[in-house]
Amino acid sequence: MARFDVTDAEWALIEPYLPVAATGPLPRRVRDQFNGILWRFRTGSGWRDVPERYGSWSTVYSRFNGWAKAGVFQHLMDALIAEAASRGQVGLELVSVDSTIVRAHQESAGLAVAGETLDALEQALTEEKGAPLPEQPPVLRVMHRRPHPRPARHRRTSMLPSGGAAGRGRRLPRSAGPGAD
C-alpha cells in the first residue's frame, strides 16, 4: 500500500457504497482504482500521470467518470457523514472554510453591474416581496468601459538624413557634424 492510500479500516467504511457489477472488476482492482482517483485529486496531476500501480490511467478515469455521473461520490459522502454523526464524530471543524483557504481573484473585490440590469433586479425583488426596498447607499454602476489611453512611445530619430556617413540612428561627435571646421 502506498502512502496516503485508503487504509483497511477506511476501506471497510467505503466499500459498501461503491457499485460493483457481477461482471465488473475484482474488488481488489476497485480499491486500486479508488486510490488512483484519490491520488489524482490529491496531487492535482493529470489523468495520464496516475501511477501504473492503480491500473491504466484510462481505466481509472473511466471508473471516476462513471461514478461521478451516477452520483456515487455524493452518496458516499452523505453516507460517511451520517456514519460519523451516528458515532458522534461530526464537528464544525470538518466543514470550516476561512480566508486562508479560499482565494479570490483580484477583480472579485466588488461587483460591477450595468445600471439597467441592477434596476431590473431591484424591480423584480420589489414585485416579489410586494413592498418597496429600503433606501440603500448608492451602488457602483458601470455603463461602459472606457479603454485606458496608452502612453505615447517615443521614436529614435537619426541626426543625419538617411544614407549619412554615420549610418541610421547613430549620432556623430560634435566636431564631425555639419558645419564643423
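Thresholds, definitions, all that
Residues numbered from 1 in each chain as written. Predicted model: local features only at pLDDT ≥ 70, side-chain atom pairs only at ≥ 80, totals over all residues. Heavy atoms only, no water. Helix = DSSP H or I, 4+ residues; strand = E, 2+ residues; numbered from the N terminus. Buried < 20%, exposed > 50% of the residue type's maximum accessible area, 1.4 Å probe, protein only. Areas by Shrake-Rupley, 256 points an atom, 1.4 Å probe, with all protein chains shown as cover. Expected span 1.5 Å × (residues − 1). Arc of directions from axis to C-beta. Core = buried A, V, L, I, M, F, W, Y, C linked by side-chain atoms within 4.5 Å. Contact = heavy atoms within 4.5 Å. Phe/Tyr/Trp six-rings, centres within 6.5 Å; stacked < 30°, edge-to-face > 60°. Salt bridge = Lys/Arg side-chain N within 4 Å of Asp/Glu carboxyl O. Patch = residues over 30% accessible without salt bridge, like charges linked within 9 Å, V, L, I, M, F, W, Y side chains within 5 Å. pLDDT = per-residue confidence, 0-100.

Draft legend 1. A look at the overall build of the protein chain. Looking only at helices and strands, one finds 5 helices and 0 strands in the protein chain. Reading the protein chain from its N terminus to its C terminus gives the helix and strand order α-α-α-α-α. Relative to its full complement of 181 residues, the protein chain shows a buried share of 19%. With the model as given, the accessible surface of the protein chain reaches about 15200 Å², and the carbon-plus-sulfur share is 55%.

Draft legend 2. Spatial organisation of helix α3 (residues 57-70). The terminal C-alpha atoms of α3 lie 20 Å apart, and with 14 residues this matches the ideal 20 Å at 1.5 Å per residue to within 8%. Three or more residues of α3 are buried, namely V60, F64 and W67. Seen along its axis, α3 keeps its buried residues to an arc of 70 degrees; they face one direction. α3 presents K69 and A70 as exposed residues on the side facing more than 90 degrees away from its buried surface. Directly beyond the C-terminal end of α3, a positive phi value near 80 degrees is found at G71.

Draft legend 3. Summary view of the nonpolar core. W11, I14, L18, F34 and W67 are the most contacted members of the largest nonpolar core, which has 16 residues in total. When residues of this core are traced back to their parent elements, those giving at least two are α1 (8-14), α2 (27-43), α3 and α4 (72-86). Counting residues per element, this core draws most heavily on α2, which supplies 4 residues. Filtering out sequence-adjacent residues up to four positions away, F34 remains in contact with V6, W11, I14, L18, W67, F73 and L76.

Draft legend 4. Seen up close, the packing of aromatic side chains. Evaluated as defined, the whole model comprises 8 aromatic pairs. An angle of 55 degrees between the planes, with centres 5.2 Å apart, marks the rings of F41 and F64 as tilted. With F41 in helix α2 and F64 in helix α3, the pair connects residues that are 23 residues apart, well separated along the chain. Pairing W47 with F64 gives two aromatic rings, centres 5.2 Å apart and planes at 35 degrees, and the pair type is tilted. Within this pair, whereas W47 is found in the loop between α2 and α3, its partner F64 is found in helix α3, the two being separated by 17 residues in sequence. Note on accessibility: W47 and F64 belong to one class, buried.

Draft legend 5. Focus on the pattern of salt bridges. Here the structure, examined in full by the defined rule, presents 3 salt bridges. The salt bridge partner of R87 is E83, with a shortest N-O separation of 2.9 Å. The class for R87 is partly exposed, based on a relative accessible area of 47%. Accessibility expressed as a relative area gives 29% for E83, which makes it partly exposed.

Draft legend 6. The arrangement of α4 in detail. Helix length check: α4 (15 residues) gives 21 Å between terminal C-alpha atoms against 21 Å at 1.5 Å per residue, within 8%. Taken as a whole, α4 has its buried residues at V72, L76, A79 and A84. Projected down its long axis, α4 shows its buried positions confined to an angular sector of 135 degrees, all on one face. Phi turns positive, to about 75 degrees, at G88, one or two residues after α4.

Draft legend 7. Here's a closer look at a nonpolar patch on the surface. A surface patch of nonpolar side chains, about 280 Å² in accessible area, is lined by M77, I81 and V90. Take I81: it is sitting in helix α4.

Draft legend 8. Region of the structure containing the confidence of the model for the protein chain. When the pLDDT values of the protein chain are averaged, the result is 75; 53% of them are 70 or greater. Of all secondary-structure elements in the protein chain, the lowest mean pLDDT belongs to helix α5 (residues 115-129), at 77, while α3 reaches the highest, 93.

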